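Descriptive structure summary
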Amino acid sequence: MISLEENLYRPISEVTYLTTDNAWRYRAILRYFYQQHERLRHYLFPEEVYEYLKQNPYFEDYSEEKLQQDLNQLVEWKNLIPRQDTGKVTTIEEFKKKKFRYQCTPYTVEIERMVLGLERMGDSFGGSLERSLFERLLDSLMKLTSVENSPFRDKKEQSYRIDRLTGEEANQIWEEMYDHFRKLVENATDYLAHLESEKVEEMMMTEAFLVYKDSLTEYLRNFMTSLQRTSLKIETILLETPDDLIERVIDRVADYQMSIPRLTVQQSLDEWKVKFKEQWKSIKGWFLGRDRVDSELIYLQNKTNETIRKITRFAQRLGERHHNFRSRRKDYLHLAEWFSKLEDVKEAHELSACVFGVFHTRHIYAETKATEDIYTEIWDHPPTVLTIKPRIRNYREKIRTGAVISREQEKQAMLQEYLREREAERQLVEEMI
């Protein structure tokens, strides 16, 4: 049996067709095999593969001999499995010709599925911030660690719900829990990377971004609300769950995995236990942190808040720029009509002060800002106290003179202490000599 460590250093010949010469031919052949596999057609004859390829103008000069050579090469790379078709053989000569039909291997199916996903994803990140994933993860953890109280049982003895479930049911709950956790981490990481990508930041600088600003901000805030509502419950469960309970659950799930008959390479019981222990350790580390390092949950909260602030700043800059370029012609005509209706110059000065501000005044600027919300009024901010100094040549700050305090006694005490230490060092050196 080949161990996982040995598999790590073994070359994977199944991916050779992606980068070798004539890769465009091999990829077209295996893509057709994968498409037919998804339609539950697992065995294909060379004739129908050749008929499919000839529909493409790139295979205009392609022959059946080249197809057979390519199929043999893919069989050598373990991408295809040949099976001799003996169902319609009527003569010995036909049997000797060995008419084969081909099936793609499981490795090839997974490789094509991955390549197809990469083609659909493109150069940008995907992902999402699903609020329900936190609630699903919390529900799975509660099923896994819930306690059942019985009036006939001693209070010191706790009965867990997982003890009454079968191995299949325990395995299903464990897989649901880890699947929700994996989706949560991957989707959140990809979505935040998508928001921080260069293309998205360039889009945020355009005026078209203002249409999506409110919906995107609301989406992030709803995610933060769900995260804060459920994360504390999840952390409490992870902290209070005893280790012996997790050991029992892992043993039952590992035993169930060993009970599944597999004709291929089977993992040992210890390998299954190590795998499940690492999964539980990953969940605890993501929510609670590792080795005095902040948890990934805190990092996710900080990045989400930072993204909300960045979106708000971009929207504010766009709004200011749009406001600067907007025509004020109608506003000025309306103000001119106001001024034309006034009969007293004093009233005109008062209106001017209200509209344009007070002339010949000093403006005080303080570099303090309590919030990034662009809709907050100046009156909602706390006051800032500044000390103003007069700008005149002869101004000097008042300095209060103080009395000179004698430190003679402290100096003598420190000197005597220093001399005692030197004398002790001298005596110690003489004793050593």
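A few points on the structure. In this text the structure is predicted, and so the values were computed from the model without any measurement.

Regarding the overall build of the protein
When helices and strands are tallied, the protein shows 16 helices and four strands. Here the protein holds 433 residues, and 27% of them are scored as buried. Summarising the internal contacts of the protein: among those between residues at least 6 apart in sequence, 68% fall at separations of at least 24. Just so you have it, the protein exposes about 32,600 Å², and 52% of that area is on carbon and sulfur atoms.

Considerations on the packing of helix α11 (residues 243-259) against helix α12 (residues 269-288)
Contact pair α11 / α12: the axes reach a minimum separation of 9 Å and the direction vectors enclose 135°. In terms of orientation, α11 lies oblique with respect to α12. Judged by the twist between their axes, the crossing of α11 over α12 is right-handed. Along its contact with α11, which presents Ile 246, Glu 247, Ile 250, Asp 251, Val 253, Ala 254, Asp 255, Gln 257 and Met 258, the element α12 presents Leu 269, Trp 272, Lys 273, Phe 276, Lys 277 and Trp 280. Taken together, the residues that form the contact of α11 with α12 break down as nine nonpolar, one polar and five charged.

Some points on helix α7 (residues 132-145)
Compared with an ideal rise of 1.5 Å per residue, which puts 14 residues at 20 Å, α7 spans 20 Å between its outermost C-alpha atoms and is within 8% of the ideal. Every buried residue of α7 is accounted for by Leu 133, Phe 134, Leu 137, Leu 138, Ser 140, Leu 141, Leu 144 and Thr 145. All buried residues of α7 fall inside an arc of 165° around its axis, so they share one side.

How each quantity is defined
For every chain, the first residue of its written sequence is number 1, and the numbers climb from 1 along that sequence. Per-residue local features of the predicted model are confined to residues with pLDDT of at least 70, and side-chain atom pairs are confined, for both listing and counting, to 80 or more; whole-chain, interface and lining totals are unaffected and use all residues. Side-chain measures were taken over the full set of non-hydrogen atoms in the model, leaving aside hydrogen atoms and water. Counting from the N terminus, the helices are the DSSP runs of H or I reaching at least four residues and the strands are the DSSP runs of E reaching at least two. Throughout, exposure labels follow a simple rule: accessible area from a 1.4 Å probe, protein chains only, divided by the maximum for the residue type, with under 20% read as buried, over 50% as exposed, and the rest as partly exposed. Here, residues are in contact when the closest pair of their heavy atoms is within 4.5 Å. Here the Shrake-Rupley method, with its probe set to 1.4 Å, supplies the accessible areas, and only the displayed protein chains count as covering residues. Fitting a line to C-alpha atoms yields each axis, with helices limited to the stretch in contact; the angle taken between N-to-C directions then spans 0 to 180 degrees. Reported orientations rely on four angle classes, namely roughly parallel under 35 degrees, roughly antiparallel over 145, roughly perpendicular from 65 to 115, and oblique for the rest. In this scheme the crossing of two helices becomes right-handed for a clockwise turn of the near helix relative to the far one and left-handed for an anticlockwise turn of less than a right angle. For this scheme, ten residues count as nonpolar: Ala, Val, Leu, Ile, Met, Phe, Trp, Tyr, Cys and Pro. Four count as charged, namely Asp, Glu, Lys and Arg, and the remainder, Gly too, count as polar. What a helix should span is 1.5 Å times the count of its residues minus one. Comment: arc refers to directions from the helix axis out to C-beta atoms.

Structural measurements only, silent on function.
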